[in-house]
Amino acid sequence: MQDIDDEAVSDPEPLRKARAVQADPSPRTSPLAVSNWIHGDPSFLKVRELIEVVDPELSVTDRKLLDAMLAHATDSVVNVVASGRSQPGTILYSALATDIKRAMGWEGHKSNKSLLAAAKKLQGSVITIGYFAPGDDNLRHMNISLVTLSDVPENQGIVYWRFSPELEKLMSVRGERFLVQLKVLAKLTSGYSHRLYQLLCANADRETFSWTVSVGDLRQVLNAAASSYDSWGAFERRVLRVAVEEINRYASFHVRYELIADERTRRRTHVTFVVEGPAGILPPPKMEAVFQDAATQLALDLPPVGTGPEISPALLGRRLTRQARDRLRAEFPGAPIDALVDVWSAWCGRHRIKVDRPARVFERWLTTMFGDLVLLGRSGQPADWSAGMTRDLDRPACRAMYLLSTMVAQQRQRWLNLARSKAMDRPLRSRPLGTSVDAVHFHQWVDFILDEFAMANPL
């Protein structure tokens, strides 16, 4: 995303030299920009490790500043550092202080005194990332610093900062990422709410929209492990209820929790969080990890793509019963369902797609990959399925459409909005883009956002 520059600001010598290594100057808009806050729903994809990390020394203010910095820089890190065009830890980021304070919920703060204090706290903080290396059952702990340089004006102006090389390497790995909404984070005032909201976005199961966690683990990740929370009553009253009530006040979804107790002792052992609301406002699904074999790859032995269990296309195809195939023939008249099942099962095998509900996944894949033919059939026109069977379904556009089909409607809408804005820039258009986020319409607009989508999602 584009960094902000101001020729009227006089630069100290270190900053003047550092400007030679600025973030990618492409004309993308930061989630912090006022236009995004007025007309959009600013959000960014946050790496799982930075959601689950526990640091008792960081206040909710410090974490809000870190999230604002991450949101502003994530696109540049993926576009510049992960591509090898810049060494980690060398990019000098800059953003308007007013934009950063807006993302922190501080629109009314004229002075940057608290912003300066939070920046100093981040610069002196070290967080621990836990991970397992392949072939090693021992949990390893990597201690990394967050910010190596910060430059904050007393009042209005531009804030500059650099992330540590280790943090930028972590951000550049296209691993598990989860969409978090900045407007929600800005409104949350409790550190427990701030943590729980992001944990729900990262851990809510996409089938049950629930997350079950042990009470001990929950206390740890919410930073409520002090002895004053040993009793369940104190923990529920001062932590759990506070967090849930504030999330329900500001988040687009609603969450409730259920307690699981030991049958013998009746002691509460686990908490199940249930996320409720229309599908379009529920937390989005995760993006799978992808290994990048580049000189700047984070020095964690992450599993390379394709190391998951092999999938037998023959066995997968047989999981679609005759009843399911008959239903699909009726729903997609003219489509060679049996032949398409063979193509689908082979495609899932090549891409190591985990299939829990074969009929449901196949129907989504069919609607996505052959949306134009499905639309013709629905309108009563003849569809040339024989020509469709020769398509290259491994091209990036098809992979992007499939990943879009796994996302919730709110995410799809953001990508469609971007596609429509880009289509408006073209002088000649045969027809305007539609407004539907249904998978059957993806083929009409996915090419407009393919480059941006590939930055945030492995294809």
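Each chain has its residues counted from 1, running along the sequence as written. It should be noted that, the model being predicted, local features are given only for residues of pLDDT at least 70 and side-chain atom pairs only at 80 or more, the latter also being counted only at that level, while totals for whole chains, interfaces and linings use all residues. No hydrogens and no water enter the side-chain calculation; it runs on all heavy atoms of the structure.

1. A few points about the sheet that holds strand β6 (residues 158–163)
- The criterion for strand pairing is that DSSP finds at least two bridges linking the strands in question. Runs of H or I in DSSP of at least four residues are treated as helices and runs of E of at least two as strands, each being numbered from the N terminus. As summarised here, the arrangement of the 3 strands in space is β2-β6-β5, forming an open sheet in which the pairing is antiparallel. Only two strands of the sheet have a single neighbouring strand rather than two, namely β2 (93–96) and β5 (147–151). The mean inter-strand angle of the sheet, taken between neighbouring strand axes irrespective of direction, is 20°.
- Both β5 and β6 contribute to a ladder of 4 bridges, which runs antiparallel. From the neighbouring strand, serine 150 faces β6, where its bridge partner is tryptophan 161.
- The contact rule is simple, with two residues in contact once any of their heavy atoms fall within 4.5 Å. Axis definition: a line fitted to C-alpha atoms, limited for helices to the stretch in contact. Angles are taken between N-to-C directions and run from 0 to 180 degrees. Lying over the sheet, helix α6 (residues 113–123) contacts β5 and β6, oriented at roughly 160° with respect to β5.

2. Remarks on the pairing of strand β10 (residues 268–276)
- In this sheet, β10 lies alongside strand β8 (residues 210–214) in antiparallel orientation, the contact comprising 5 bridges. Pairing of tryptophan 211 across the sheet is with phenylalanine 273, part of β10.
- Relative to β10, strand β9 (residues 254–261) runs antiparallel, the two being bridged by 8 bridges. What sits directly across from tyrosine 257, in β10, is phenylalanine 273.

3. Some remarks on helix α13 (residues 322–331)
- To sort residues, take the accessible area from a 1.4 Å probe on protein chains only and compare it with the maximum for the residue type: under 20% means buried, over 50% means exposed, and anything in between is partly exposed. Residues Ala324, Arg325 and Leu328 constitute the buried set of α13. Down the axis of α13, the sector holding all buried residues measures 95°, keeping them to one side. Of the residues in α13, the exposed ones pointing more than 90 degrees away from the buried face are Arg322, Gln323 and Ala330.
- Next to the buried residues of α13 lie α12 (313–318), α14 (337–351) and α15 (358–369). Arc definition: it is the arc formed by the directions from the helix axis to the C-beta atoms.

4. Notes on unusual backbone geometry
- Positive phi values are uncommon outside glycine, yet asparagine 223 reaches one of about 60°.
- Owing to a relative accessible area of 27%, asparagine 223 belongs among the partly exposed residues under this scheme.

5. Comments concerning the pattern of salt bridges
- A pairing counts as a salt bridge when a side-chain nitrogen of Lys or Arg comes within 4 Å of a carboxyl oxygen of Asp or Glu. All told, the structure shown has 15 salt bridges when counted by the stated rule.
- Close ionic contact of arginine 48 with glutamate 52 constitutes a salt bridge, the shortest N to O distance being 2.5 Å. Separated by 4 residues within a single helix, arginine 48 and glutamate 52 lie in helix α3 (residues 48–52), roughly one turn from each other.
- When the shortest N-O distance is used, the salt bridge between aspartate 338 and arginine 329 registers 2.9 Å.
- For arginine 329, a relative accessible area of 34% gives the class partly exposed.

6. Remarks on the packing of α14 against α15
- The interhelical angle for the contact between α14 and α15, taken along N-to-C directions, is 95°, at an axis separation of 11 Å. In terms of orientation, α14 lies roughly perpendicular with respect to α15. Packed against α14, whose contacting residues are Ile337, Leu340, Val341, Val343, Trp344 and Trp347, the element α15 presents Pro358, Val361, Phe362, Trp365, Leu366 and Met369 at the interface.
- By the convention adopted, Pro, Cys, Tyr, Trp, Phe, Met, Ile, Leu, Val and Ala count as nonpolar, Lys, Arg, Asp and Glu as charged, and the other residues, Gly among them, as polar. Class assignment for the residues of the contact of α14 with α15 results in 12 nonpolar, no polar and no charged. For this classification, under 35 degrees means roughly parallel, over 145 means roughly antiparallel, 65 to 115 means roughly perpendicular, and everything else is oblique.

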